[in-house]
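Here is what each chain is made of, one letter per residue.
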Amino acid sequence: MRTRRIVRSAWILVLGAMTLGLGHGVAMAAAPSALVDPKTTPATLDELAADINTYRQHINTLANPFFEGRAPGTDGIQRAADYIEFHFKRHNLEPAFTGSGDDAPRTYRQPFQAPDSLRPGDTLKVRMQALSYTIAGAPGPALKPERDFSVIGYSGSATVSGPLVFVGYGIEKGREDYTSFPKDLDLSGSIALLMRFEPMNDEGKSRWANRGWSPSSTLEEKLKAVASRKPAAIILVNPPGVADARVGKLEGLELRGRRPIDVPVVMASPESIDALLAGATSGDTTLLKLRQTADEGTSTATFGNVSVSVDVTLDRVKLMSDNMGGILRGRGTLADEYIVIGSHYDHVGYGYFGSRDSRGRGVLHPGADDNGSGTSGMLTLVGKLAAAYADLPADANVRSILFLGFSAEESGLNGSRFYCENPPFPLAKHYLMINMDMIGRLRDKPPMELGGVGTAEGLKEWLAPYVDNAGFKIAQKNSGFGPSDHASFTAVKVPALFFFTGLHDEYHMPTDVASLINVEGAAKVCDLVYRVALGAAMRPEALVWTSGARREREPAETAPAEAPTAQAPQDQPGPSPLGGVSVRFGISPGDYSGEEPGVLVGEVLENLPAAKAGLLKGDLMVSWNGTKLERVEDWMPLLRAHKPGDKVTIIVKRDGRDVTLEATLTGRQQQNQ
């Protein structure tokens, strides 16, 4: 079997390299009795047939709807963890972690607290919700949860009653000094009635934005503004006549932000509020009339004959998830050093965060490429490398291989960061980390990206024969930073490599399905990782981490932990991977390889500044406010320097000519209205 022939040959060649020094290796003749140099001899597709079959089985399993898109909080991610553990056990890997308790056996699982889930019922659970009112002491009609009102995710818990006060749009300061609040307004003890969105015209569209809504409509900011005036509770309502797809939707726990408001917050249907107003004013006041008044300026109204009672109790449950780890034990003098082969196995589940589909909330996102592809590769390599190690000479000196599956990557590299803060072995014993994230779309353009080649002295030179003879195009990048789990290791000075075949239209969409995976290409990537891992495991020299690994690759606008969606809240809990960027532009870069100078536009997101400015998919941004753009990494510091409302001039290359466009940047929370 080719695996065994290559491994035994590799071991002999490494022994020779210890004497002759490292170089590009020696290409051997392809005769049955000749040695095969794993650096320069990738496997053929015929030789990879078994790997292709294994990989296909893994990707079809992990992207199956039974796994629910593998978001923390779902049963599906527990099934995925069980699946990984099954294959670790099947290949006799040692559990990587110490169990809880003095006498607890070792375990394949490293539990940690994941960021809150935005899916209703995962992190937030409603124990009590009630809304009622009286008019002049007489009870109003019974209001039913999920029909007439619902608790939203911003809510606090309390049982309160008070008079109803209308506060318009709840905007502190809008265009032309617009404000919803009279000076020194005190809402203490009252129930505030707040309208969603912002002042609109007769067509129900924003008066302050040409398309969509302006940053003034951001719901979290409006809730904070109202809450600062000390109401007992807040009732949110969609204004009548608004030209927005959400007009008829009663939001629930999924409508939330980074932190809750301290008072109960419920959303009521326009019909229930109109019925209340009709009873309180004998039909003189309607929600539409209140909206029209608020459209023109400051508008508050107190309904002293109305007493509203709100009773909300929410339970906040800690969301736990697991990193998965199994050890293929090395031998000899190098056995206590580790090569990490890692991939994150989580995805965005039902699209309550992270979806790029404006209608993706509540829709299954299979996550085949992101990152079923990398996890399938990791599991394929478990069996492949286990067989290789079994065939090594008894006196071999070879490092242990630690296979890691990370969870909660999509919400901010949480699993890998927790691992690096709580490693089962000293970080100094981590020789090299290899990260596979989105390896399922191998093609010539963009080429596969190999990041991190500058994270150790001489690493790029050592990798040269593997790269030069890979059999497919590779774009190398020095930096080991970026929006995936290798960055957690680079941050603690562990050399790291990142294998990535690039973004595509299905990234973070419900259409990222197994049938679109280039299985043969993924098997080729796995073969390259296999050969690099074997070479590194047997390499006698130390790898010395170097700070020369500049942050060449910062997280881009649609990095995995962001949620660029037109409807779902974007300010999800947990640390942001966007490095202080406070504005939205609205593109997905189409190529990180840097082969062609500029920033290639892979996708233009609807209703965001780039689309409004006229950018098109396939444009190449070459200038940003007069600064030349060579690559995505040049662009991120420029974005970081902006604030919402800034105007920027962009030059793009389109059909062989330069086109100048102007965009007005918006705040990152704008879509959470």
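Residues numbered from 1 in each chain as written. Predicted model: local features only at pLDDT ≥ 70, side-chain atom pairs only at ≥ 80, totals over all residues. Heavy atoms only, no water.

Novice: Quick one: what's the story with the overall build of the chain, residue by residue and with numbers?
Specialist: Secondary structure summary: the chain contains 13 helices and 25 strands in total. Of all 673 residues assigned to the chain, the portion counted as buried reaches 60%. Looking at the chain alone, contacts between residues at least 24 apart form 79% of all its contacts between residues at least 6 apart. For the chain, the exposed area adds up to about 25200 Å²; of that, 51% sits on carbon and sulfur atoms. (Helix = DSSP H or I, 4+ residues; strand = E, 2+ residues; numbered from the N terminus. Buried < 20%, exposed > 50% of the residue type's maximum accessible area, 1.4 Å probe, protein only. Contact = heavy atoms within 4.5 Å. Areas by Shrake-Rupley, 256 points an atom, 1.4 Å probe, with all protein chains shown as cover.)

Novice: Quick one: what's the story with the pairing of strand β15 (residues 448-451), residue by residue and with numbers?
Specialist: Regular strands have side chains that alternate between both faces of the sheet. Across the two faces of β15 the burial is the same, with M448 and L450 and E449 and G451 all buried. Handedness of the β15-helix α9 (residues 459-468)-strand β16 (residues 474-477) crossover: right-handed. Pairing between β15 and strand β17 (residues 496-500): three bridges, direction antiparallel. Bridge assignment links L450 to a residue of β17, and that residue is F499. (Right-handed = clockwise from strand over helix to strand, strands pointing away. Pairing = 2+ DSSP bridges.)

Novice: So what's going on with the sheet that holds strand β7 (residues 191-195)? Which residues, and what values?
Specialist: Spatial ordering of the open sheet is given by β4-β3-β10-β6-β7-β8-β9-β5, a layout of eight strands whose pairing is mixed. Either end of the sheet is taken by a strand with one partner, and the two such strands are β4 (138-139) and β5 (149-151). Both β7 and strand β8 (residues 233-237) contribute to a ladder of five bridges, which runs parallel. Looking at the pairing, I191 lines up with A233 of β8.

Novice: Give a description of the packing of aromatic side chains that names residues and reports values.
Specialist: Under the definition given, this model contains 15 aromatic pairs. On the numbers, 5.3 Å between centres and 15° between planes, the contact of F498 with F500 is stacked. Accessibility assignment for this pair places F498 and F500 in one class, buried. Pairwise contacts between aromatic rings join F97, F406, Y419 and F489 into one cluster. Sitting above the plane of the F181 ring, R229 keeps its charged end 3.8 Å from the centroid. A cation sits over an aromatic face here: R399 above Y431, 3.5 Å from the ring centre. (Phe/Tyr/Trp six-rings, centres within 6.5 Å; stacked < 30°, edge-to-face > 60°. Lys NZ or Arg CZ within 6 Å of the ring centre and 35° of its normal.)

Novice: Break down the confidence of the model for the chain for me, citing the residues and quoting the values.
Specialist: The share of residues in the chain with pLDDT of 70 or more is 88%, and the mean pLDDT across the chain is 87. Low pLDDT, under 50, characterises residues 1-35; the predicted model gives this stretch 60 contacts beyond four residues in sequence or across chains. Segment residues 549-579: pLDDT under 50, and 133 contacts once partners within four positions in sequence are set aside and those in other chains are kept. (pLDDT = per-residue confidence, 0-100.)

Novice: Can you break down the packing of helix α2 (residues 49-62) against helix α11 (residues 519-538) residue by residue, with the values?
Specialist: Two elements in contact, α2 and α11, have axes whose closest approach is 9 Å; the angle formed by their N-to-C orientations is 110°. In terms of orientation, α2 lies roughly perpendicular with respect to α11. Read as a crossing pair, α2 and α11 show a hand that is right-handed. Every residue of α11 that contacts α2 at I52, Y55 and R56 is listed here: V519, E520, A522, A523 and C526. Each residue belonging to the contact of α2 with α11 can be placed in one class, and the counts come to six nonpolar, no polar and two charged. (Axes fitted to C-alpha atoms, helices over the stretch in contact; angles between N-to-C directions. Parallel < 35°, antiparallel > 145°, perpendicular 65-115°, else oblique. Left-handed = near helix turned anticlockwise from the far one by under 90°. Nonpolar A, V, L, I, M, F, W, Y, C, P; charged D, E, K, R; others polar.)

Novice: Lay out the side chain of R399 in plain terms, naming residues and giving numbers.
Specialist: Positionally, R399 belongs in the loop between α7 (368-390) and β13 (400-406). Assessed through its relative accessible area of 1%, R399 is described here as buried. Only 2.7 Å separates the side chain of R399 from the side chain of E337, close enough to count as a polar contact. In this structure, R399 is in contact with G330, L334, E337, I339, Y389, Y431, A536, A537, M538, R539, P540 and E541, ignoring residues within four places of it in sequence. (Polar contact = N/O pair within 3.5 Å; in protein donor to acceptor, adjacent residues only side chain to side chain.)

Novice: How would you sum up the nonpolar core? Please name residues and give values.
Specialist: Here is a general trend for soluble globular proteins: nonpolar side chains tend to be buried in one another's company. Counting residues in each nonpolar core, the largest one holds 72 residues, and the members touching the most others are F88, F403, L463 and F499. With 14 residues, the single largest contributor to this core is α11. Sequence-distant contacts of L463, defined by excluding residues within four places in its chain, comprise L450, V453, L497 and V532. Counting residues in each nonpolar core, the second largest holds 41 residues, with Y133, I135, I171 and A233 among its members. (Core = buried A, V, L, I, M, F, W, Y, C linked by side-chain atoms within 4.5 Å.)

Novice: Kindly report on α7, identifying the contributing residues and their values.
Specialist: When the terminal C-alpha atoms of α7 are compared, their 31 Å separation across 23 residues agrees well with the 33 Å that a helix rising 1.5 Å per residue should span. For α7, the buried fraction is high: 20 of the 23 residues fall into the buried class. (Expected span 1.5 Å × (residues − 1).)

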